[in-house]
Amino acid sequence: MNWMLSRTLKSVFVVALGMGLGALLGALAGWPRLGLVAGGLVLSGAVVMRDLVRGNRLMTWLRGPQDGRAPRDAGLWGELAYGIERALRQRERRIEQERDRLRQFLAAIEASPNGVMLLDGTDRIEWCNGAAAQHFGLEPERDRLQRATNLIRSPAFVAHLQGGSYDDPVVFTDPLGRATLSVLVRPYGDGWRLVLSTDVTERERADAMRRNFVANVSHEIRTPLTVLAGFVETLAQLPLSEVERQRVLALMQQQASRMQTLVADLLTLAQLEGSPLPQPDRWLAVDDLMRRALADATALSAGRHALRSSGGEDAEVAGSDPELLSALTNLLNNAVRYTPPGGHVELRFAWRDEGGAVFEVVDDGIGIAREHLPRLTERFYRVDGSRSRDTGGTGLGLAIVKHVVQRHGGEIVISSEPGKGSTFRLALPSLRVRRRAAPAGAGIEAAPAPQAAGWPQTTA
Ligand code: ADP
């Protein structure tokens, strides 16, 4: 209220001054009263004019974009302009802070791997993040304010959205058929809904794989079990001659050892999946590893094949001895099992020009048709089930090999031609292999890579 008092006093003072001066000048001219009134009116007009000018300046600034400073007049108008400007700037700052917060909030939602979409009461898309746009095949800017049910054509999604009961998520295949989505709807505000989407393709695939795996394992175990149970019944109920009894017992032993191999392979796989990665600084002599793997295959071949190895005398590999040995043994045993008697099997080690090294198991056996190659390392995948089982296979060997080589940072590459033979390559990165001085009189013979026609006839 101070400003009112001072302003009133100033105005009264100015008008009184005008009246006084008017009266003085009027008295000189002989019209003191007229001078008094005229003086009062003139200075009152001046006060009003000054207010009009200052008020107009402030109004002009207010009507504009208010970019620059408000007019800095003295007195009431100046204070008024300053107050308005300060209130405006404060509000602008608050709005900018709110905008910043909103931007950060949206950026956080944008960074989420889950899709977030806001729908109004009539199913129109108010906002969606990049993940939701990708999940539902939307274009965020173009599709804003469009009805979600017109754009997302999946019947399961539309029925769920319109059903109104949002307790459980709905799972369906995305409109382009590329992914499986799990969508959770949460109502909020005045009929609005928050639609959260997650890509569960991998999870569904893993679930399906697990279900498949359990079914496969059960099947693989049930078959020898059924055979065993049959033999037990035969032994219990039929009076068999000693020769027949021995034959049945031998068959029973075969089935039991088949189950044992299967369980051992399953345990190996479980161990590979559950144990930490092989250490990168435990160095093993490559030739020793190759010699032991070859000895195993030699026993399996029992003189029916020509086996040999080459390379590796100057090399060391970093990793797990039992894992690498199991990978090489699996490949060599396969080569023996899928190569007819009289055939050749070779285990090679070679440095690669691009760095790293490769173990190769080459045979000139039955080979594999091209269409099977991509699936060979899947668990229980067999080209010829009966041949695999007859030769004691579990269908898990190459899955184990793939696991081992991947755990050592490498990869398995398979090439094969039916009737000509197969080559299985385990490529290891340079971090995992190094040269070492060859010990005097290193035992493994180093031979040039044999061609299919010119296999040397050495039996390891
Ligand atoms: P299995 O126990 O059946 O041998 P693997 O996983 O070791 O299982 O191999 C998968 C399939 O790949 C085999 O069933 C066989 O058909 C094929 N296979 C593997 N190695 C060879 C090979 N050296 N020559 C021909 N076929 C092979």
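Look up a bit, the structure's there.
Residues numbered from 1 in each chain as written. Predicted model: local features only at pLDDT ≥ 70, side-chain atom pairs only at ≥ 80, totals over all residues. Heavy atoms only, no water.

### Some thoughts on the nonpolar core
Selection criterion: The term nonpolar core refers to a set of buried residues drawn from Ala, Val, Leu, Ile, Met, Phe, Trp, Tyr and Cys, joined through side-chain atoms within 4.5 Å. To sort residues, take the accessible area from a 1.4 Å probe on protein chains only and compare it with the maximum for the residue type: under 20% means buried, over 50% means exposed, and anything in between is partly exposed. Working rule for contacts: check all heavy atoms of both residues, and any pair within 4.5 Å makes them a contact.
Ranked by internal contacts, the top residues of the largest apolar core, which has 45 residues, are Val 317, Leu 332, Phe 349, Phe 359 and Leu 426. Those residues in contact with Leu 332 that sit more than four places away from it in its chain are Ala 293, Leu 294, Ala 297, Val 345, Leu 347 and Val 361. Grouped together as the second largest cluster of nonpolar side chains are 19 residues, Ala 132, Tyr 166, Leu 181 and Val 185 included.

### A short note on the pattern of salt bridges
Test applied: By convention in these notes, a salt bridge is any Lys or Arg side-chain nitrogen within 4 Å of a carboxyl oxygen on Asp or Glu. Secondary structure counts use DSSP, requiring at least four H or I residues in a row for a helix and at least two E residues in a row for a strand, with both numbered from the N terminus.
With the rule as written, the count across this model stands at 30 salt bridges. Between Asp 100 and Arg 103 there is a salt bridge, with the nearest N and O atoms lying 2.8 Å from each other. On the criterion of helical spacing, the pair formed by Asp 100 and Arg 103 is a turn pair, its members being three residues apart in helix α3 (residues 75-111). Taking relative accessible area as the criterion, Asp 100 reaches 38% and is therefore assigned partly exposed. The closest approach of N and O atoms between Arg 292 and Asp 321, which form a salt bridge, is 2.6 Å. Taken together, the positions of Arg 292 in helix α9 (residues 286-301) and Asp 321 in helix α10 (residues 321-337) put the pair 29 residues apart, joining distant regions of the chain. Exposure remark for Arg 292: the relative accessible area of 32% places this residue in the partly exposed category. Residue Asp 321 is classed as partly exposed on the basis of its relative accessible area, which comes to 22%. Each member of the salt-bridge network shares a partner with another, and the members are Arg 308, Glu 346, Arg 348, Glu 360 and Arg 425.

### Describing the sheet that holds strand β9 (residues 344-351)
The test is simple: For two strands to pair, DSSP has to find at least two bridges joining them. To get an axis, fit a line to the C-alpha atoms, keeping to the stretch in contact for a helix; angles then go from 0 to 180 degrees between the N-to-C directions.
Pairing within the open sheet is mixed, and its five strands lie in the order β7-β9-β10-β12-β11. Edge positions in the sheet fall to β7 (306-310) and β11 (411-417), since each has one partner strand and no second. Each adjacent strand pair in this sheet contributes to an overall mean axis angle of 10 degrees, direction not counted. Pairing between β7 and β9: five bridges, direction parallel. Across the sheet, the residue bridging to Arg 308 is Glu 346, located in β9. Contacts from α9 reach β7, β9 and β10 (357-363) within the one sheet, and its direction differs from that of β7 by about 175 degrees.

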